[in-house]
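The residues making up each chain are set out below.
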Amino acid sequence: QVQLVESGGGLVQAGGSLRLSCAASGRTFNTYSMGWFRQAPGKEREFVVGITWSGGSTYYADSVKGRITISKDNAQNTVYLQMNSLKPEDTAVYYCAASSLSKSLGRIGVRSDDSYNYWGQGTQVTVSS
């Protein structure tokens, strides 16, 4: 069992920055990957970024590459989502996710929400124009 607690969401003006945090607890030793997804009203959940523990590989959605960076703190079992140059279209509920289903998710696997079996409660990010 893994618990994910998110924080850092809020309201920001276009061009501003936010930093989201996701703290993992429980049986994290068999968690192989973590990622961030987002869902805007009336739209399907979409992939933002994912990271694998072994090798430290990261994968970014094309829409956020260059503006959003994922990082991790192994001692704190925490991953961060640094978001810069935010746009109104970034407005969504952001979800942290973790996977114990695969030891090595690849470029395609990390983009699917079916690859993850643990999810946070979500945190609202609103970008005003």
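Here, the structure is the one placed above.
Everything numeric here is computed off the predicted structure, so don't read it as measured data. (Residues numbered from 1 in each chain as written. Predicted model: local features only at pLDDT ≥ 70, side-chain atom pairs only at ≥ 80, totals over all residues. Heavy atoms only, no water.)

Student: Go over the nonpolar core, please, and point to the residues and values.
Tutor: Grouped burial of nonpolar side chains is what soluble globular proteins tend to show. Core analysis: the largest hydrophobic core is formed by 36 residues, its most contacted members being Leu 4, Met 34, Trp 36, Leu 81, Met 83 and Tyr 94. Considering every element that reaches this core, the biggest residue donor is strand β9 (residues 92-99), with five residues. (Core = buried A, V, L, I, M, F, W, Y, C linked by side-chain atoms within 4.5 Å. Buried < 20%, exposed > 50% of the residue type's maximum accessible area, 1.4 Å probe, protein only. Helix = DSSP H or I, 4+ residues; strand = E, 2+ residues; numbered from the N terminus.)

Student: Describe the side chain of Glu 6, listing the residues and the values that go with them.
Tutor: Along the chain, Glu 6 falls in strand β1 (residues 2-7). In terms of polar contacts, Glu 6 uses its side chain to reach the backbone amide nitrogen of Gln 121, at 3.0 Å. A distance of 2.5 Å separates a polar atom in the side chain of Glu 6 from the backbone nitrogen of Gly 122. Excluding anything up to four places from it in sequence, Glu 6 contacts Ser 21, Cys 22, Trp 36, Tyr 94, Tyr 95, Cys 96, Gly 120, Gln 121, Gly 122 and Thr 123. (Polar contact = N/O pair within 3.5 Å; in protein donor to acceptor, adjacent residues only side chain to side chain. Contact = heavy atoms within 4.5 Å.)

Student: How would you sum up the sheet that holds β1? Please name residues and give values.
Tutor: Spatial strand order, β1-β3-β8-β7: four strands in an open sheet with antiparallel pairing. Two strands close off the open sheet at either side, each with one partner strand: β1 and β7 (68-73). Taking each pair of neighbouring strands and ignoring which way they run, the sheet shows an average axis angle of 20°. Bridge analysis of strand β3 (residues 18-26) against strand β8 (residues 78-83) gives six bridges, and the strand direction is antiparallel. By the bridge assignment for β8, Ala 23 is matched with Thr 78. (Pairing = 2+ DSSP bridges. Axes fitted to C-alpha atoms, helices over the stretch in contact; angles between N-to-C directions.)

Student: Give a description of the side chain of Ser 115 that names residues and reports values.
Tutor: Looking at where Ser 115 falls in the secondary structure, it is placed in the loop between β9 and β10 (118-119). From its side chain, Ser 115 meets the backbone oxygen of Gly 109 in a polar contact 2.7 Å long. Ignoring sequence-local partners within four residues, the contact set of Ser 115 consists of Ser 99, Leu 101, Leu 105 and Gly 109.

Student: So what about the pairing of β9? Which residues, and what values?
Tutor: Burial within β9 is extensive, with seven of its eight residues counted as buried. Direction of pairing for strand β4 (residues 33-39) relative to β9: antiparallel, over a ladder of seven bridges. Within the sheet, the bridge partner assigned to Met 34 lies in β9 and is Ala 98. Across three bridges, β9 lies against strand β11 (residues 123-128) in antiparallel orientation.

Remember, this is a structural readout, not a statement about activity or role.
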